[in-house]
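The chain contents come next:
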Amino acid sequence: MQAIAQELRNFVVNNFLFGQNEKLRNDDSFFDNGIIDSTGILELVGFLHERFGVHVEDQELIPENLDSIDRLVAYLQAKLRENGQASASVH
Amino acid sequence: MTLSGIASAKVNTDLLKIDVAAEAGRIESSIRDIVVNRLKRKGAVVGVSGGIDSSVVASLCTRALGKDRVIALFTPEADSSGDSLRLGRALAAQLGIRSFLEDISPILAGIRCYERRDEAIRSVVPEYGPGYKMKIVLPGLLDATKYAIFSLVVQSPTGETRKVRLTADAYLGILAATNCKQRARKVVEYFYADRFQYAVAGTPNRLEYDQGFFVKGGDGLADFKPIAHLYKSQVYQLAAHVGVPEEIQKRPPTTDTYSLEQSQEEFYFSLPLAKMDLCLYGKTEGIPADQIAEAADLTVEQVERMYQQIEAKRNATSYLHSSAILVEPVAVGAD
């Protein structure tokens, strides 16, 4: 789980924050903090697919799943379990 | 006109009503001052699309400067609706102003606008090709639980329509390619501006200006923007006052950018424009969401979400308003 959190964090920090790691807490809302806009959500969805093989369904495109590192980790864990993948295998 | 003074008044659908004669007079006086005294140009070029905004701007410029000092420019391209040119011509004829037709399709083909766009489309719809039509749409933002994610709607030559969610690469590829259209139009507008020593009039209304619904260096580029302070419903009021042809007044707003008809609501605002007007007014004037909800026939939660979206759009598009930023100020003469 920590490995997933770190990988998601690295992606968000490198892709949206120009590598400025100190700006982001794991419970910060991407939307409220102006970190990710609607195009950024598409990038995030693409990353989840390419890196973890997870397809985000239309109905799953909600802030409860994607709006912070913590929420992303929980969502991704659930999706990986659903897909029969152990989180330990993804790093 | 200032709206802040009535912010505490009862919020209803009459809120955005203006004294059209006074407002038209104020804008016309301002156009004369800007073009003649500040820009020192001899007239104005207006890109006329057959839509309500450019029609009002062309009309106000004509009233302000005289019909011999305004040029209407029509810049259709391969995906333009035929109505745009027909209505633009009707307006120019009514105003009695000079007009020029410049088909920008060859410019766009030259910079591979269509080719690049179609490549991006094929990354998500591999069969897309000749005879297909397309547009980009957003879901209604009033669906409070979802993100505003762009989708591509394609129509096959046999009329079958399909909607697919875009990838970031596909969306940005399509956007970058189609933005060439607005930039090509501006190249042509400035040709005529240089040729006749005229200023270029921009045509954004307040919704577009505030929310960054323009292409930097494209329709966002102009020497003056005479209706950028007016909400869309106020532009319609002025259109009636200055006598814009009725067919233009009744025409649904469209971006006229994609081969399938696309309303501005589908692309950017995701809300009927009259309601969006009220939400933007409420947000700008600091009016509590419950008062706007009543006036706009929306729920308080929907208005609060719109307030959030308005703020998010302002943040996301703020760079579009920024001119080139210098390391330190450089004096370049009198303003």
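Counting restarts for each chain: residues are numbered from 1 in the order of the written sequence. Key to labels: chains lettered from A, ligands numbered from 1, both in the order written. Residues qualify for local features only when their pLDDT is at least 70, as the model is predicted, and side-chain atom pairs are given and counted only at 80 or more; totals for whole chains, interfaces and linings, by contrast, use all residues.

J.: So what exactly am I meant to see when it comes to the overall build of chain A here?
T.: When helices and strands are counted, chain A shows four helices and zero strands. For the purposes of this entry, the term helix denotes a DSSP run of H or I that reaches at least four residues, the term strand denotes a run of E that reaches at least two, and both are numbered from the N terminus. When the helices and strands of chain A are placed in sequence order, the string is α-α-α-α. Computed over C-alpha atoms, the radius of gyration of chain A comes to 12 Å, within 12% of the 12 Å expected from 2.2 N^0.38 for 91 residues, which places it in the range of a compact globule. As a rule, residues whose C-beta atom has 12 or fewer other C-beta atoms within 10 Å are exposed, those with 20 or more are buried, and those in between are partly exposed; C-beta atoms are placed from the backbone. In chain A, which comprises 91 residues, the share counted as buried stands at 25%. If you take every contact in chain A between residues at least 6 apart in sequence, the share linking residues at least 24 apart comes to 59%. We take the radius of gyration over the C-alpha atoms and set the globule estimate at 2.2 Å times the residue count to the 0.38 power. Residues are defined as contacting one another if the C-beta atoms placed from their backbone atoms lie within 7 Å.

J.: Quick question: what am I supposed to make of the sheet that holds strand β6 (residues 161-165) of chain B here?
T.: Across a sheet, strands are paired by hydrogen bonds formed along the backbone, either parallel or antiparallel in direction. Residues and elements named next belong to chain B. Two strands pair if DSSP finds at least two bridges between them. The strand order across the open sheet built from three strands is β4-β5-β6, with neighbouring strands paired in antiparallel fashion. The outermost strands of the open sheet, each flanked by one partner alone, are β4 (133-137) and β6. When the angles between neighbouring strand axes are averaged without regard to direction, this sheet yields 20°. Bridge analysis of β4 against strand β5 (residues 151-155) gives five bridges, and the strand direction is antiparallel. Residue pairing for β5: Ile-136 is matched across the bridge by Leu-152. Angles shown run from 0 to 180 degrees and are taken between the N-to-C directions of axes, each axis being a line fitted to C-alpha atoms and, for helices, limited to the stretch in contact.

J.: What is the right way to read the confidence of the model for chain B from this model?
T.: Parts of the prediction with low pLDDT should not have their coordinates interpreted in detail. Overall, the predicted model of chain B reaches an average pLDDT of 91, with 91% of residues at or above 70. Segment residues 1-9 of chain B: pLDDT under 50, and eight contacts once partners within four positions in sequence are set aside and those in other chains are kept. pLDDT runs from 0 to 100 and stands for how confident the predictor is about each residue.

J.: What is the right way to look at the nonpolar core in this model?
T.: Residues and elements named next belong to chain B. Ala-44, Val-46, Cys-61 and Ala-201 are the most contacted members of the largest nonpolar core, which totals 65 residues. The element best represented in this core is helix α2 (residues 52-65), accounting for eight residues. Where each domain starts and ends comes from a domain assignment, either automatic or drawn from a database. Per-domain counts for this core show at least three residues from each of domain 1 (15-125 + 173-255) and domain 2 (271-321). Contacts of Ala-44, omitting those with residues within four sequence positions, involve Val-35, Cys-61, Leu-65, Arg-69, Val-70, Tyr-198, Ala-199 and Ala-201. Each nonpolar core reported here comprises buried Ala, Val, Leu, Ile, Met, Phe, Trp, Tyr and Cys residues connected via C-beta atoms within 7 Å. In terms of nonpolar packing, the next biggest core, distinct from the first, is built from 40 residues, Ile-121, Met-134, Ala-170 and Tyr-171 among them.

J.: For this particular structure, what's the right way to read the packing of helix α1 (residues 20-38) of chain B against helix α8 (residues 232-242) of chain B?
T.: Packed helices, taken two at a time, are described by the angle between their axes plus the distance between the axes. All names here are of chain B. Their axes nearest at 10 Å, the elements α1 and α8 cross at an angle of 90°. Taken together, the axes of α1 and α8 lie roughly perpendicular to each other. Where α1 abuts α8, its residues Val-20, Ala-21, Glu-23 and Ala-24 lie against Gln-237, Leu-238, His-241 and Val-242. Side-chain classes are defined by residue name, with Ala, Val, Leu, Ile, Met, Phe, Trp, Tyr, Cys and Pro counting as nonpolar, Asp, Glu, Lys and Arg as charged, and the others, Gly among them, as polar. Residue classes in the contact of α1 with α8 are distributed as five nonpolar, two polar and one charged. Each angle gets one of four labels, with under 35 degrees taken as roughly parallel, over 145 as roughly antiparallel, 65 to 115 as roughly perpendicular, and the rest as oblique.

J.: So what exactly am I meant to see when it comes to the environment of Val-54 of chain A here?
T.: Residue and element names in this part refer to chain A. Inspection of the secondary structure puts Val-54 in the loop between α2 (38-52) and α3 (63-66). For the pair Val-54 and Glu-82, spaced 28 residues apart in sequence, the C-alpha to C-alpha distance is 10.0 Å. Excluding residues within four positions of it along the chain, Val-54 makes contact with Leu-48, His-49, Leu-76 and Lys-79.

J.: Would you take a moment to explain the confidence of the model for chain A for this structure?
T.: Taken as a whole, chain A shows an average pLDDT of 88; of its residues, 91% reach a score of 70 or greater. Below pLDDT 50 for its whole length, residues 87-91 of chain A participates in 11 contacts with residues either more than four positions away or in separate chains.

J.: Help me out: how do you make sense of the interface of chain A and chain B in this one?
T.: Size of an interface: often given as the accessible area lost when the parts come together. Each partner contributes residues to the interface: chain A has 12 residues there, and chain B has 15 residues. A breakdown of the residues in the side of chain A that touches chain B according to their chemical character gives five nonpolar, four polar and three charged.

J.: Explain the sheet that holds strand β2 (residues 70-74) of chain B to me, please; I cannot follow it from the model alone.
T.: All names here are of chain B. As summarised here, the arrangement of the four strands in space is β3-β2-β1-β7, forming an open sheet in which the pairing is parallel. Either end of the sheet is taken by a strand with one partner, and the two such strands are β3 (98-101) and β7 (199-201). Neighbour to neighbour, the strand axes of the sheet diverge by 30° on average, direction disregarded. Sheet analysis places strand β1 (residues 44-47) next to β2, joined by four bridges and oriented parallel.

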